[in-house]
Amino acid sequence: MRRRLPAGVADFIMFGLKQGWAALFGGLLLALIIATHFFWPADAPLARYDFLFIAAVTIQVAFLALRLESWSEARVIVLFHVSGTVMEIFKVHMGSWAYPEAGLIKIAGVPLFSGFMYASVGSYIARVIRIFHMRFACHPPLWTSVVLALAIYVNFFTHHFVADMRWVLMAATVILFWRCRIWFRIGARDYFMPLIVAALLSAVFLYIAENVGTLTGTWIYAGQTTWHPAGLGKFGSWYLLLFVSFAQVSVVFRHHLFRMPLPGGVVPGEGAHTAPHP
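Residues numbered from 1 in each chain as written. Predicted model: local features only at pLDDT ≥ 70, side-chain atom pairs only at ≥ 80, totals over all residues. Heavy atoms only, no water.

Asker: What's the story with empty space enclosed by the protein in this structure? I'm lost.
Answerer: In this approach a probe as big as a water molecule rolls over the atoms, and the regions it shows empty are the leftover space. With the rule as written, the count across this model stands at one cavity of 30 Å³ or more. Lining the largest cavity are Phe 80, Ser 83, Gly 84, Met 87, Tyr 118, Val 121, Tyr 153, Leu 241, Val 244, Ser 245 and Gln 248. Its residues placed into classes, the lining of the largest cavity shows seven nonpolar, four polar and no charged. (1 Å grid on protein atoms, 1.4 Å probe; cavity = no way out; pocket = protein on both sides within 12 Å on 5 of 7 lines; lining within 4 Å. Points joined across faces, edges and corners; volume = space filled by probe spheres on them. Nonpolar A, V, L, I, M, F, W, Y, C, P; charged D, E, K, R; others polar.)

Next comes the structure, spelled out in structure tokens:
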């Protein structure tokens, strides 16, 4: 079928399929959140939240056993789980949102499956880098992206007490990564996409997942009595969180940040067959 389609169309379809494969962890977790909302028995001996945690751990073990993730990628996911759970505990304590259902596997009112929602972002970034053989051109010095990520993470806490700096931090992401391009391979062709565009597109899907979570009542926002779409501020929060996630992955996969050869020994932009991003 690939041979019957124009090359650009075939690559675009393959691009979507590979993106879905890279996001498998998050997709499975989101599917379980939806399915348990509709079909979990009210009198079940196991709480829905506890089942989601056990299922998430099972998925993670299966990924490692089936070699869908490497141990180095799993270490990144553990880091995401810890940092995400810490943020969840703080936000629930501050009343930003709450988890209304019962469960035993909780810390300070936060079900531990929630950390896997952040970990799924780390899983996606680590897997998409490997699946697409990604390389990053014009990436800023690693220390600058780490400092920016720390500032973003700290702002998620401090904006409850001092001025919210998210607009300044958004401007900083544009200034720092404006020239950065992601090179990736589909079949025999090399493509590129500005990193800022990739972050915006990824934030769209995370914003949709956020709304699925509130629509299924898995978590609720302060003052929410009936469901309504999350405000655009949540889109901005996910956009910023992606740069925190990317910095964490970058620390582990530093060798991918620069213009290294693609499979076949070709360096992106230097003799490779290139085309605009799909």
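Next comes the rest of the description.
Asker: Which parts of the structure should I look at to understand the pattern of salt bridges?
Answerer: If the charged atoms of two oppositely charged side chains come close together, the side chains can form a pair. A complete count under the given rule lists five salt bridges for this structure. For Glu 101, the salt bridge identified is with Arg 48, shortest N-O distance 2.7 Å. One end of the pair, Glu 101, is in the loop between β1 (97-98) and β2 (106-107); the other, Arg 48, is in helix α3 (residues 48-65), and 53 residues separate them in sequence. The exposure class of Glu 101 is partly exposed, given its relative accessible area of 26%. You can call Arg 48 buried: its relative accessible area is 4%. Linking Asp 164 and Arg 166 is a salt bridge whose minimum nitrogen-to-oxygen distance equals 2.8 Å. (Salt bridge = Lys/Arg side-chain N within 4 Å of Asp/Glu carboxyl O. Helix = DSSP H or I, 4+ residues; strand = E, 2+ residues; numbered from the N terminus. Buried < 20%, exposed > 50% of the residue type's maximum accessible area, 1.4 Å probe, protein only.)

Asker: What exactly am I supposed to notice about the packing of aromatic side chains here?
Answerer: Aromatic ring pairs are reported here in terms of the distance separating the ring centres and the angle at which the planes meet. In total, this model carries 24 aromatic pairs according to the counting rule given. A ring pair is formed by Trp 97 and Tyr 221, whose centres lie 6.0 Å apart and whose planes are at 90°; its orientation type is edge-to-face. With Trp 97 in strand β1 and Tyr 221 in strand β7 (residues 220-221), this pair connects stretches of sequence that are 124 residues apart. Residues Trp 97 and Tyr 221 agree in their burial class; the two are buried. Judged by centre distance (5.1 Å) and plane angle (65°), the rings of Tyr 153 and Phe 157 are edge-to-face. (Phe/Tyr/Trp six-rings, centres within 6.5 Å; stacked < 30°, edge-to-face > 60°.)

Asker: Mind showing me how you'd approach unusual backbone geometry here?
Answerer: Generally, phi is negative for residues other than glycine and the peptide bonds are trans, each holding for most cases. The phi angle at Arg 67 is positive, at roughly 60°, despite the residue not being glycine. Assignment of secondary structure puts Arg 67 in the loop between α3 and α4 (71-93). Located in the positive-phi region is Cys 138, a residue other than glycine, with phi close to 60°. Note that Cys 138 resides in the loop between β4 (135-137) and α6 (142-158). Look at Cys 138 and you get partly exposed, because its relative accessible area is 35%.

Asker: What is the right way to read the side chain of Thr 218 from this model?
Answerer: Assignment of secondary structure puts Thr 218 in the loop between α8 (195-215) and β7. A distance of 2.9 Å separates a polar atom in the side chain of Thr 218 from a polar atom in the side chain of Arg 48. (Polar contact = N/O pair within 3.5 Å; in protein donor to acceptor, adjacent residues only side chain to side chain.)

Asker: Which parts of the structure should I look at to understand the nonpolar core?
Answerer: If you look at the biggest cluster of nonpolar residues, it comprises 71 residues, and the most contacted ones within it are Tyr 99 and Phe 184. The element best represented in this core is helix α5 (residues 113-131), accounting for twelve residues. (Core = buried A, V, L, I, M, F, W, Y, C linked by side-chain atoms within 4.5 Å.)

Asker: Help me understand the environment of Gln 248, please; the structure alone is not making it clear to me.
Answerer: With respect to the helices and strands, the residue Gln 248 is situated in helix α9 (residues 232-252). As for Gln 248 and Gly 122, which are separated by 126 residues in sequence, their C-alpha atoms are 8.2 Å apart. With near-sequence residues (within four places) excluded, Gln 248 lies in contact with Leu 79, Phe 80 and Ser 83. (Contact = heavy atoms within 4.5 Å.)

Asker: Before we go on, may I ask you to explain the pairing of strand β5 (residues 181-186) in this structure?
Answerer: Working note: regular strand, side chains alternate between the two faces of the sheet. Taking burial as the measure, the six residues of β5 include five buried ones, the bulk of the element. Here β4 pairs with β5 via three bridges, running antiparallel. Bridge pairing in β5 links Ala 137 to Arg 181. Sheet analysis places β5 next to strand β6 (residues 189-194), joined by six bridges and oriented antiparallel. Within β6, the residue paired with Phe 184 across the bridge is Tyr 191. Connecting β5 to the next strand, β6, in antiparallel fashion are two residues, including Gly 187 with a positive phi near 65°. (Pairing = 2+ DSSP bridges.)

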